[in-house]
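Descriptive analysis of the structure
Here is what each chain is made of, one letter per residue.
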Amino acid sequence: MPQKILAGRATDPQLRGDLVQVKVDQVILSRAPSRALAEAIATGMKKTPVEVAVAYDGTCVADASSLADVDEGSPHSVSPEFPTYNIPIARPGIGFPAPVHLERFAAPARLALTDDPRLATVGGIGMLSLVVSPSQLGQALATGSAWLRPPRSVQIHLSGRVRPFVCARDVALELLRRNLDEVVRRIEGEHHAPVILEFAGPSARLLSVGDRAVLCGIAPQVGAAAALFVSDEKTEVFLRDQRRSKAHRALVPDPGAPCEEVVSIDLGTVDPLLMDEEGVVRPVRDLAGKPVAQVVLGGDSGVTLRDMLAAALLLKSKRVPSRLDLLVAPPSRQVLEVLAQSGALVDLVATGARIVEPDRRVVTSEIYPPPPGGLSLRTADPEPRIAGAPSFVVASAETLAYAVATGAVGDPRSFKRPVRVTVPRALPTDDVLILRDKKGEQVSTKKPPAAPPAVPWKGPLTLDVLAGVPKGNGRAAVGARGRKSPAPADAAPPSAEERAQAAPAEGKAGGVALVLSTLDEVRAVAERATDLSSVRAVVAPFVPSTAVSAFASEGIATFLVGAEALGSIKEQKSVELPAPAQWGDRVAAVFGSERVEVAWLATGMERSWTHAGTVRQPPSASKPAR
């Protein structure tokens, strides 16, 4: 199915070559909207030619830092200029980007590019969503096209029916428990191509679009580029309920279509599961009786409207234990309105729940973090698990409801009698919080954001080596890319971590090479690449193809190294890389006094992007794809 979507939009329908140019239907801006807009403007964009482009402003709880980001033009902010470029703004309060886009904009058999891995959930409606860097998004906004690697597919065959008190969240956790990440990693290593999960089988067509979205949300955690379901009568009903019937297109795999591997799962064998604080998927009974201090019901993934209604019914007439906080974060404004109209919101509030705004920092635990020494249960997918990151337990909405009712972890099947949930067909679809351009209205007098200067590779380079992900989010140290307060004269020399988050001086060699051990570390660095401005190279035993392309477009070289050499490399303080003219498939790098042959993972045009320090093209060279 992903090949069908790309072939219909590619200049080469056979998808031959390392990279192919494809027409883009949608661009979804979430993590660094202003940076993507700046790149598009630098390319010469006046108005974007893509069918749908949306910028999500996820900062609902305004504080001094977030207001300063907007005023200073931080890459992560959303300025009022977006609608003038034909890019509507989804204002704060509309919900988390993934569920809102699924409801209001996602369309089957289309291609979307985004900077947010959590948008993988839109694959539940049959839309292919691929994660790229902000600079690649800028090119897509300006030209309507992008260069992508042709993908490979892994089919997940679903059969059987789920039992009572087993949700789509449990099925997603079961897939993680079956080591799907090892399958993806092996296929990536063989073909050096993105891997896309395709859900098939008789039970795939029985799932609602919401349940399908929950299953697609696991793609980033296993290193897959995206996940995709068929577009069928269930999809058509979902779009009809959203009053978007015209967006429907059928999407089914061709008979006998090849795939790299098939993973089968019988839904009838899935038990209530949870992912513990270490990232290990276990049966709920393994933690039964453990006290719970915090429950966060909702978020941007792992929960559907049906799950929210079921949790409210299970908790009706219950009371929150004295040592437990129940936070409810409705995924979207539509879900909030349905909960209010059905009386479920009243039941949750009467239980003792606190309703929190859909701020992006809720899912990253920057606000409402897990309490020290206490257990936190949540429905949303975790951020990449790296050292120092907040940790919590992930489980289904019904498992969370049991924890609220009893104050401890337990099997939701102990409720004995399952609730009957009726999801209303008449859904509120008023887009009052979508800000679009109004002709003749001056939106802002501010100057449009400026793209950061490219830092090309020139001659041999010596980089500081830093093992792991730099601490902090990088924004406090740098703010907008390249802007930084001068250090006092008597200040101590900056550490490797501080240099990783500082903007490189123009015309000077140097920078930082990150040595990463796990997929989660690679994911964390890829998501923060716009903040880690001095990072020039990434060395790891596994890097997904989508991350390689994203790094290359930011001028970051990606190298593969064997796991056996990783330990000694981490102990070194610097690495010497030869001049770019001497780079090939293998590069001779010198870590301290040790010479190590590393594999350069970039391919085709990605190599020229790396050396140029940007994917940006001059305005005269930017033309929309046919």
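Structure's up top.
Scope of this entry: the structure provided in the associated data block. (Residues numbered from 1 in each chain as written. Predicted model: local features only at pLDDT ≥ 70, side-chain atom pairs only at ≥ 80, totals over all residues. Heavy atoms only, no water.)

Time to look at the pattern of salt bridges. Scanning all chains against the criterion turns up 35 salt bridges. Here Glu-39 makes a salt bridge to Arg-616, at a shortest N to O gap of 2.8 Å. Placement of Glu-39 in helix α2 (residues 33–42) and of Arg-616 in the segment after α21 (605–612) is noted, with a sequence separation of 577 residues between them. We note a salt bridge from Arg-177 to Glu-174, for which the minimum N-O separation is 2.9 Å. Residue Arg-177 and its partner Glu-174 are both found in helix α6 (residues 168–177); the two are separated by 3 residues, about one turn of the helix. Assessed through its relative accessible area of 8%, Glu-174 is described here as buried. (Salt bridge = Lys/Arg side-chain N within 4 Å of Asp/Glu carboxyl O. Helix = DSSP H or I, 4+ residues; strand = E, 2+ residues; numbered from the N terminus. Buried < 20%, exposed > 50% of the residue type's maximum accessible area, 1.4 Å probe, protein only.)

Spatially, β20-β21-β22-β23-β26-β25-β24 is the arrangement adopted by the 7 strands of the closed barrel, whose pairing is mixed. Averaged over all pairs of adjacent strands, the angle between strand axes in this sheet comes to 35 degrees, irrespective of strand direction. Taken together, the 4 bridges between strand β20 (residues 461–467) and strand β24 (residues 574–577) define a ladder with antiparallel strand orientation. In the strand pairing of β24, Asp-464 is matched with Ser-574. (Pairing = 2+ DSSP bridges. Axes fitted to C-alpha atoms, helices over the stretch in contact; angles between N-to-C directions.)

Of the two faces of strand β5 (residues 111–114), the one carrying Leu-111 and Leu-113 and the one carrying Ala-112 and Thr-114 are both buried. In the sheet, strand β2 (residues 26–29) pairs with β5 via 3 bridges, with the strands oriented parallel. Paired with Ile-28 across the strands is Thr-114, a residue of β5. Both β5 and strand β6 (residues 128–131) contribute to a ladder of 4 bridges, which runs parallel. For Thr-114, the partnering residue across the bridge sits in β6 and is Val-131.

Shape descriptors only; they carry no functional weight alone.
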